[in-house]
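Secondary and tertiary structure notes
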Amino acid sequence: MFLRNEWYVAGLSHEFVERPRQRWLLGEPFVLYRTASGRAVVLEDRCPHRGAPLSSGEVCGESIACGYHGFTFDPEGICTHVPGMQTIPREARVRACPVVERWGWVFVWMGAHHEVDLTRLPDYHWLTEPGWEGRSEYLSVKANYGLVRDNLLDLTHARYVHRKTLGTAAVTDHPINTEAHGCGVRVTREMPGIEPSPFFRLMGGFTGLVDHRQQIDFTPPCHVVINTRVRSTAGSAENRSAEFHVLNALTPETERSTHYFWGLVRNFALGDDTVTETQQRLNRETFLEDLSILEQQQVLLDCKPDGWRPIATRNDGGCVQAERLMNRLLEAEVPMRKVQ
Amino acid sequence: MFLRNEWYVAGLSHEFVERPRQRWLLGEPFVLYRTASGRAVVLEDRCPHRGAPLSSGEVCGESIACGYHGFTFDPEGICTHVPGMQTIPREARVRACPVVERWGWVFVWMGAHHEVDLTRLPDYHWLTEPGWEGRSEYLSVKANYGLVRDNLLDLTHARYVHRKTLGTAAVTDHPINTEAHGCGVRVTREMPGIEPSPFFRLMGGFTGLVDHRQQIDFTPPCHVVINTRVRSTAGSAENRSAEFHVLNALTPETERSTHYFWGLVRNFALGDDTVTETQQRLNRETFLEDLSILEQQQVLLDCKPDGWRPIATRNDGGCVQAERLMNRLLEAEVPMRKVQ
Amino acid sequence: MFLRNEWYVAGLSHEFVERPRQRWLLGEPFVLYRTASGRAVVLEDRCPHRGAPLSSGEVCGESIACGYHGFTFDPEGICTHVPGMQTIPREARVRACPVVERWGWVFVWMGAHHEVDLTRLPDYHWLTEPGWEGRSEYLSVKANYGLVRDNLLDLTHARYVHRKTLGTAAVTDHPINTEAHGCGVRVTREMPGIEPSPFFRLMGGFTGLVDHRQQIDFTPPCHVVINTRVRSTAGSAENRSAEFHVLNALTPETERSTHYFWGLVRNFALGDDTVTETQQRLNRETFLEDLSILEQQQVLLDCKPDGWRPIATRNDGGCVQAERLMNRLLEAEVPMRKVQ
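Residues numbered from 1 in each chain as written. Chains lettered and ligands numbered in written order. Predicted model: local features only at pLDDT ≥ 70, side-chain atom pairs only at ≥ 80, totals over all residues.

Focus on the overall build of chain A
Here is the rule: Secondary structure follows DSSP: runs of H or I at least 4 residues long count as helices, runs of E at least 2 residues long count as strands, and numbering of each begins at the N terminus. Only C-alpha atoms enter the radius of gyration; for comparison, a globular chain is expected to reach 2.2 Å times N to the power 0.38, where N is the number of residues. Placing C-beta atoms from the backbone, we regard two residues as in contact once those atoms come within 7 Å.
Helix and strand counts for chain A stand at six helices and 17 strands. At 22 Å, chain A has a C-alpha radius of gyration in line with the 20 Å of a compact globule built from 340 residues. Overall, chain A is about 80 × 50 × 35 Å in size when its C-alpha atoms are taken along their principal axes. The long-range fraction of contacts in chain A, counting pairs at least 24 apart against all pairs at least 6 apart in sequence, stands at 59%.

Here's what the structure looks like:
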């Protein structure tokens, strides 16, 4: 059960090319392609003729021709050509999803066309904003997207999962502040005067004590922006400052798997590709540590006994609020979907 | 749900040897072997003693001894020996299927013994008839046998799936004629005065315009014979002629997989093994192109939304008639099966 | 459906080390580890915090800290530390299984703590008793543990499955005697004056006729001890004697897979490591022959038709009695489990 009237990330811009690509989104098959004029298209990947994948076919100008018998569909999903036929069956169409391409990411609206709401497009503007530098990547996770979200909302896991890179006892020694508002959840942790983590020593050159702030913003259905700001503690010999945004879009592939699109941008060492390579590699390795836990967690939750529920502590404040918000949104949307 | 009172192909003759082989047919396990006297045998591959596979055992003369505790069964499926026992339990028997071996193929009757009907044996006589030359092969397809049948009944797919070998626009430019009769469906397409396809250029040496006729005969439950005849168009400088039969027996392994036995015979270049090698290789490569589409199609149909139905055009005439005929036969047979 | 109030083998002693290991027992995930003080521990491997595996974490002294957020549990399964929290939620505990380590094997009680019954610990004392020599090993079997048990209770299969090593016609030529008693089943076969099997020729140096006795003891839920005694037949030129115990603990991993712990001990050639290596290798190869049959048998029984039942002969006496005993115990235990 997924929220429909929302923006998800269907892919990175460079994944939309002339050669069509199949990708499952919210448990259903879609084909991604880029038209001759440069438009990114997301269509249902099941030809209404015989059920073959359009993605086995070829892009012709703006349209795509099925690889089985050549039924051709335009970016609206309307069949415009049936080989050997003069008339085209009216019901020959596939679902087309509204698409917005921005900041190098392709967003897709999975709900009703008449409800498309551009004001609710999630904000990842740092990806292209001057003064910020970094890159986007993709990971496939064999776990529900909610487990990935909760991973990002409780960063105390860094001390255990990432003890070699991000881990510091500070993360569990300092409490979080959780604020839920109508359209999201914010978790903040202030860690003044702590030792810098191995990551910040390496990336930011910090050696003395730092004030480290984590601010995590969850926006339904699956968007998490982590802002990490590290500054030399007042009074220390150093006077450094560095900031990162970790941008996370967790698109459900199925109930048990997730397309994890992530970007990492920094506000220093601009133009230095070596730094970019290093930050991407370190973050990728860090996320792969998470993946291992998340995929095992999924297996264990798949067979949890009846009535099993997670135990929440204060550090789970963000997870609890996010879950509550998502349930409220699902309760509001799903009955309406049935009425339609 | 499969038709039972029908002939299916259980294997190619050369697959029946002394060493037993397990093969699933219509969702159930069978063992294939050849007796000392040369008889091809098809028995249920589940020993009634403990459920072990007879195919793990050994052929002894006409019989097969289970590889677990040695229970021995004759070609009728009757237990003739239990090691260490004087008396044999009466219920110790496995299902034996009536078998007919002809033209290098082994046909098996999957229904009631008292209803065996030799007159309904499908016709693949070209495999051994003088004046025709070619070979048989086997492919495993992870798709329902009906999807393979429909692939063969609508050859317009050649233009898209096989565009490098068989494809020509002619196949969609010329309409088909579909005839359904009580015991089968025939689809015919006449393509007079067209450019020869790459396959016929290579195999038949055609360079000028040709009259190309396709005639496809479907016989329930799973037999499709395609006759392709190509002749130099009257009035052209050339005067060539060539004919192929593509013989297709699509035996259900399970609801989602098929044993695809196929033969290809031609009426020219007799005795030329190089031509035979080439035609087999080209056809095998062509079928592998189909497999890729069919297996993806199966995945997409497995998760099709409620109420999804394929859209039929004129070119689907053969598929629609074949489906209708199969449904009629199933409706007639299945209730009788329950009465028995 | 498994018996709970019983001792199963969770692992070999050397498998319990500081680094935690996940193992599924009776369809549920457990973590095995050894504490700093040397105690073998078996805990539910699903952290009550978020469902992550404790086995992804680290052993700290006597306790284990979850690899996700550091929740720490003692060998009783009680949470003793939550990072960053002063108070520990009362419900933060995992199931802990009573453990007894003996003879190099670790036994685990899968039922209620207040019903632990040490008098029912199965007897594998030969593993460490002076006068006996051999080793323990582990095999993973993709078949229900009952199929492995029945394999051991009807040794006539040796003639077919192990015809190159253990096989001799004698095993089916001589009848068994089956005795069921309240807490187990014993099968005995006396084979006086037979040719020694290849195994006994090689291991025991027998060349003349032998009196070969097999005695198989099944103790619920999954323990099978086979005593094989071979002596030169009275009056023959030779005067040799050799005895083996094959020790088998068949712990259900799931309904369709088994942890097979086995040991093999002999009462001769003590201290000769070459003989030990040979006996282990031969027995391992023999069991791998069984595995192949058992895993195929599981597949065939998974899809057996409604009403299919195995046929029992005199040689199945042990299997039939064991099945009956297990059903009686399950019928007695399961309703009580529901009341609790």
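Concerning the interface of chain A and chain C
The following threshold applies: Gly counts as polar in this scheme, as do all residues outside two lists: the nonpolar Ala, Val, Leu, Ile, Met, Phe, Trp, Tyr, Cys and Pro, and the charged Asp, Glu, Lys and Arg.
Counting residues at the interface gives 20 residues for chain A, matched by 21 residues for chain C. Residue assignment for the side of chain A that touches chain C shows that the elements contributing at least two residues are α2 (158-161), α3 (170-173) and α5 (273-302) of chain A. With five residues, α5 of chain A is the single largest residue contributor to the side of chain A that touches chain C. Across the side of chain A that touches chain C, the residue classes tally to seven nonpolar, seven polar and six charged.

Points about the interface of chain A and chain B
In this assembly, 21 residues from chain A lie in contact with 20 residues from chain B. When grouped by side-chain class, the residues that make up the side of chain A that touches chain B number 10 nonpolar, eight polar and three charged.

Concerning the pairing of strand β14 (residues 210-219) of chain A
Residue and element names in this part refer to chain A. The test is simple: Only strands joined by at least two bridges in the DSSP assignment are considered to pair.
Bridge count between strand β13 (residues 184-194) and β14: eight bridges; the pairing is antiparallel. The partner of R189 across the bridge, within β14, is Q214. Both β14 and strand β15 (residues 223-232) contribute to a ladder of 10 bridges, which runs antiparallel. Residue pairing in the sheet places H212 in a bridge with V230 of β15.

Here we look at the relation of the copies chain A and chain C
Just so we agree on the cut-off: Only residues with pLDDT of at least 70 in both copies count here: their C-alpha atoms drive the least-squares fit that superposes the copies.
For these two chains of identical sequence, chain A goes onto chain C by a turn of 120 degrees and a shift of 0.1 Å along the axis, with RMSD 0.0 Å. Here the copies are linked by what is in effect a three-fold axis. Closest to the rotation axis within chain A is the C-alpha of D302 of chain A, separated from it by 13 Å.

Quick look at the nonpolar core
Here is a general trend for soluble globular proteins: nonpolar side chains tend to be buried in one another's company. Formally: A set of buried residues drawn from Ala, Val, Leu, Ile, Met, Phe, Trp, Tyr and Cys, joined through C-beta atoms within 7 Å, is what defines a nonpolar core. To sort residues by burial, count the other C-beta atoms lying within 10 Å of each one's C-beta; a count of 20 or more means buried, 12 or fewer means exposed, and anything in between means partly exposed. C-beta atoms are built from the backbone.
In this structure, V108 of chain A together with V108 of chain C are the most contacted members of the largest nonpolar core, which totals 225 residues. Look past the residues within four positions of V108 of chain A in its chain and what remains in contact with it is Y8, A10, L25, V42, C97 and V99 of chain A.

Comments concerning the domain arrangement of chain A
Residues and elements named next belong to chain A. Our working rule: Domain start and stop positions are those given by an automatic or database domain assignment.
Each assigned domain of chain A is listed with its residue range as follows: domain 1 (7-120) and domain 2 (125-332). Residue-level contacts link 10 residues of domain 1 with 14 residues of domain 2. Broken down by secondary-structure element, the contributors of at least two residues to the side of domain 1 that touches domain 2 are β1 (7-12) and β2 (21-25).

What to know about α5 of chain A
For clarity, the cut-off: Helix span, expected: 1.5 Å multiplied by one less than the number of residues in the helix.
Compared with an ideal rise of 1.5 Å per residue, which puts 30 residues at 44 Å, α5 of chain A spans 42 Å between its outermost C-alpha atoms and is within 8% of the ideal. Buried residues of α5 of chain A: Q279, N283, F287, E289, D290, I293, L294, Q296, Q297 and L300 of chain A, and no others. Contacts made by the buried residues of α5 of chain A are with β11 (133-141), α1 (145-153), α2, α4 (198-204) and β17 (257-266) of chain A together with β3 (28-34) of chain C.

A few points about the packing of helix α1 (residues 145-153) of chain C against helix α5 (residues 273-302) of chain C
Residue and element names in this part refer to chain C. Spelled out, the test is: Angles here are taken between N-to-C directions and fall from 0 to 180 degrees, while the axes themselves are lines fitted to C-alpha atoms, restricted in helices to the stretch in contact. Any angle between 65 and 115 degrees counts as roughly perpendicular, while under 35 counts as roughly parallel, over 145 as roughly antiparallel, and the rest as oblique. Crossing chirality is assigned from the near helix's rotation relative to the far helix, an anticlockwise turn below a right angle marking it left-handed and a clockwise turn marking it right-handed.
Contact geometry for α1 and α5: axes closest at 10 Å, N-to-C directions at 130 degrees. With respect to each other, α1 and α5 are oriented oblique. Handedness of the α1/α5 crossing: right-handed. Between α1, through L147, V148 and N151, and α5, the contact on the second element is made entirely by D290, L294, Q297 and Q298. For the contact of α1 with α5, a count of residues per class yields three nonpolar, three polar and one charged.

Concerning the sheet that holds strand β2 (residues 21-25) of chain C
Residue and element names in this part refer to chain C. Pairing is antiparallel in the open sheet, where three strands are placed in the order β2-β3-β4. Taken across any chain shown, the strands that pair with only one partner, and hence form the sheet edges, are β2 and β4 (40-44). When the angles between neighbouring strand axes are averaged without regard to direction, this sheet yields 35 degrees.

Digging into unusual backbone geometry
Residues and elements named next belong to chain B. Of the consecutive residues P220 and P221, the connecting peptide bond is found in the cis state with omega at 0 degrees. One non-glycine residue, W103, adopts positive backbone phi at about 60 degrees. Within the secondary structure, W103 is located in the loop between β9 (99-102) and β10 (105-109). The exposure class assigned to W103 is partly exposed, which follows from the 17 C-beta atoms found within 10 Å.

Thoughts on the sheet that holds strand β5 (residues 58-60) of chain A
Sheet strands pair by backbone hydrogen bonding; their relative direction is either parallel or antiparallel. Ordered in space as β5-β6-β7-β8 (chain A), the four strands form an open sheet in which the pairing is antiparallel. Sheet topology places β5 and β8 (79-81) of chain A at the edges, where each strand pairs with a single neighbour.

Considerations on the confidence of the model for chain A
How we decide: The quantity called pLDDT is the predictor's confidence in a given residue, expressed from 0 to 100.
Taken residue by residue, chain A gives an average pLDDT of 94. The fraction at 70 or more is 98%. Interface scoring of the predicted complex returns ipTM 0.93; its pTM is 0.94.

So, α1 of chain A
Each full turn of the α-helix corresponds to 3.6 residues, which orients residues three or four apart in the same direction. Burial runs high along α1 of chain A: eight of the nine residues are buried. Within α1 of chain A, the full set of buried residues consists of Y145, L147, V148, R149, D150, N151, L152 and L153 of chain A.

Quick look at the environment of R213 of chain B
All names here are of chain B. Mapped onto the secondary structure, R213 falls in strand β14 (residues 210-219). Under the C-beta neighbour-count criterion, R213 is labelled partly exposed, with 16 such atoms within 10 Å. Each C-alpha atom, one on R213 and one on T188, is 7.3 Å from the other, the two residues being 25 residues apart in sequence.

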